[in-house]
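# Residue-level structure breakdown
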Amino acid sequence: MLAVHIERGRVGVRRRPRPPRKPGHALIRLLCGGICNTDLELVRGYYGFRGTPGHEFVGEVAEADDRAWVGKRVVGEINLACEHCDWCRRGLGRHCPHRTVLGIVKHPGCFSEFFTLPERNLHVVPDEVPTEAAVFTEPLAAACEVLEQVEIPPGDEVAVRGPGKLGRLIARALEAHGCRVRVYGRHDQVPRASFHWVVDATGSAEGLRQCLEMTAPRGTVILKSTVHGAVRVDTAPVVVNEITLVGSRCGRFEPALELLRAGKLRVDDLVAARYALGEAPRAFRQAARPGTLKVLLLPPALQ
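Residues numbered from 1 in each chain as written. Predicted model: local features only at pLDDT ≥ 70, side-chain atom pairs only at ≥ 80, totals over all residues. Heavy atoms only, no water.

### A closer look at the environment of Cys36
Spelled out, the test is: The way it works is that DSSP assigns letters per residue, a run of H or I at least four long becomes a helix, a run of E at least two long becomes a strand, and they are numbered from the N terminus. The cut-offs for exposure are 20% and 50% of the maximum accessible area for each residue type, with area from a 1.4 Å probe on protein chains only; residues under the lower value are buried, those over the upper are exposed, and the others partly exposed. The contact rule is simple, with two residues in contact once any of their heavy atoms fall within 4.5 Å.
As for its placement among the helices and strands, Cys36 is situated in the loop between strand E3 (25-35) and helix H1 (37-44). According to the relative accessible area criterion, Cys36 is buried, its value standing at 9%. Separated by 90 residues in the primary sequence, Cys36 and Pro126 have C-alpha atoms spaced 23 Å apart. Discounting chain neighbours no more than four positions away, the residues touching Cys36 are His55, Glu56, Lys165 and Lys294.

Structure representation (structure tokens):
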């Protein structure tokens, strides 16, 4: 089978045997994968990554202990928790200290013709949701997590800094909630100290500083960016203006799938290009160009 491989800043494609399936895991055939900013950061050295990346996917279950899964079109939560620690018992396996992470930490990713994931991580894709829309489930779940962590009243104004893939999904999820959203790019003129709610989706080391400038006293900044390397920030305005900082990462898949099923937000216009899995180097180059939206990878049979 074909599998994407990242090593020493380079993206390549290799032939590998089909992965063995552990008990409780499903063997999944890739139908569609999405390249995100985290994948690009892995190429740049994030987590010292070496191997097969990819965590945004729609697949078809080829093998599973529970035969009811076989043939189902699925998406999957990316954190493989231990299921035994205090965090897992509290239902917070996303923070399990023993977890591995699909395509990021010690578990081969989905940019491969076949890959594995625990059956407990899987969610069936509703029939109403096209495959190329369902591939947005994982980043949309991350967007919806903002509303899980922070109680933003419908009708409130929210600033989203960063008009890229994730920023647009966050804006649309907030709009579906009833918020009035203003999205700002890198070069936009931004009012200072004007918003009670600000989301950093810039993907840059400068993002937090920029967002702090926009935030009114006693406001809240929600951080969605993961950046390779240290981020230098002057904490004085955080203290003086009593600003709350909220780190926000993965989210539950159920709200995202329901938004897609109900047609409450559009994602088809976020697809910039489609490439065969064997063209991954070209796909990653395009995805890394500034302003590029979602680049999809398709297995050989669907290219």
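### Focus on the side chain of His5
Its location among the elements puts His5 in strand E1 (residues 2-7). Classification of His5 as buried rests on a relative accessible area of 6%. Those residues within four positions of His5 in sequence are excluded, and the remaining contacts are Arg10, Val11, Gly12, Arg14, Arg16, Arg50 and Gly51.

### Quick word on the state of the cysteines
Our working rule: Working definition: a disulfide is two cysteine sulfur atoms within 2.5 Å of each other.
For the structure on display, the rule yields zero disulfides. We note that Cys32 lacks a disulfide partner, and the nearest cysteine sulfur, in Cys110, lies 9.3 Å from it. Since its relative accessible area comes to 0%, Cys32 is described here as buried. For Cys250, which is in no disulfide, the shortest distance to another cysteine sulfur is to Cys36 and amounts to 9.9 Å.

### Structural notes on the sheet that holds strand E6 (residues 79-80)
We apply this condition: Two strands form a pair only when DSSP identifies at least two bridges running between them.
If you walk across this open sheet you meet the three strands as E6-E7-E8, and the pairing is mixed. The sheet terminates laterally at E6 and strand E8 (106-107), the two strands that pair on one side only. As defined by bridge partners, strand E7 (residues 100-102) adjoins E8 across two bridges and the pair is classed as parallel. Paired with Val101 across the two strands is Lys106, which belongs to E8.

### Examining the packing of helix H4 (residues 137-149) against helix H8 (residues 253-261)
Selection criterion: Between N-to-C directions, angles span 0 to 180 degrees; the directions come from axes that are lines fitted to C-alpha atoms, helices contributing only their stretch in contact. Should an angle fall under 35 degrees it is taken as roughly parallel, and over 145 as roughly antiparallel, whereas 65 to 115 is taken as roughly perpendicular and any remaining angle as oblique. Definitions for this section: a left-handed crossing has its near helix turned counterclockwise from the far helix by less than a right angle. A right-handed crossing has that turn clockwise. When residues are grouped by polarity, Ala, Val, Leu, Ile, Met, Phe, Trp, Tyr, Cys and Pro land in nonpolar, Asp, Glu, Lys and Arg in charged, and all others, Gly among them, in polar.
Their axes nearest at 8 Å, the elements H4 and H8 cross at an angle of 110°. As the angle between them shows, H4 and H8 are arranged roughly perpendicular. Along this stretch, H4 crosses H8, giving a crossing that reads as right-handed. Between H4 and H8, the residues in contact are Thr137, Glu138, Leu140, Ala141, Cys144 and Glu148 and Phe253, Pro255, Ala256, Leu257, Leu259 and Leu260, respectively. When grouped by side-chain class, the residues that make up the contact of H4 with H8 number nine nonpolar, one polar and two charged.

### Details of the pattern of salt bridges
Stated formally: Put simply, a salt bridge is a Lys or Arg side-chain nitrogen that is within 4 Å of an Asp or Glu carboxyl oxygen.
A full pass over the atoms with the stated rule returns 24 salt bridges. Between Asp65 and Arg21 there is a salt bridge, and its shortest N-O distance comes to 2.6 Å. Separated by 44 residues along the polypeptide, Asp65 in the loop between strand E4 (56-63) and strand E5 (73-76) and Arg21 in the loop between strand E2 (10-15) and E3 bring together distant segments of the chain. For the salt bridge of Arg89 with Asp86, the shortest nitrogen-to-oxygen distance reads 2.4 Å. With Arg89 and Asp86 both in helix H2 (residues 86-89) and three residues apart, the pair spans about one turn of that helix.

### As for the nonpolar core
Threshold: By nonpolar core we mean a set of buried residues, namely Ala, Val, Leu, Ile, Met, Phe, Trp, Tyr and Cys, connected to one another through side-chain atoms within 4.5 Å.
The biggest cluster of nonpolar side chains holds 43 residues, and the ones touching the most others in it are Leu140, Ile152 and Leu174. For this core, the elements supplying multiple residues, two or more each, are E3, helix H3 (131-134), H4, strand E11 (157-161), helix H5 (165-177), strand E13 (195-200), H8 and strand E17 (294-298). Excluding residues within four positions of it along the chain, Leu140 makes contact with Leu169, Ala173, Ala256, Leu259, Leu260 and Leu265. Val43, Cys250, Ala280 and Leu297 belong to the second-largest nonpolar core, a separate cluster that totals 38 residues.

### Let's talk about the sheet that holds strand E15 (residues 244-247)
The strand order E12-E11-E13-E14-E15 describes an open sheet built from five strands, whose pairing is parallel. Edge positions in the sheet fall to strand E12 (180-184) and E15, since each of these pairs with one other strand and no more. Strand-to-strand, the axes of this sheet are offset by a mean angle of 20°, without reference to chain direction. Bridging between E11 and E13 involves four bridges; their strand directions are parallel. Residue pairing across strands places Val160 opposite Val199, the latter belonging to E13. Sheet contacts for H5: E11, E12 and E13; angle to E11, the most-contacted strand, approximately 170°. Those strands touched by helix H6 (residues 207-214) are E11, E12, E13, strand E14 (215-223) and E15, and its axis lies near 150° from that of E14.

Nothing here speaks to function; it is all geometry.
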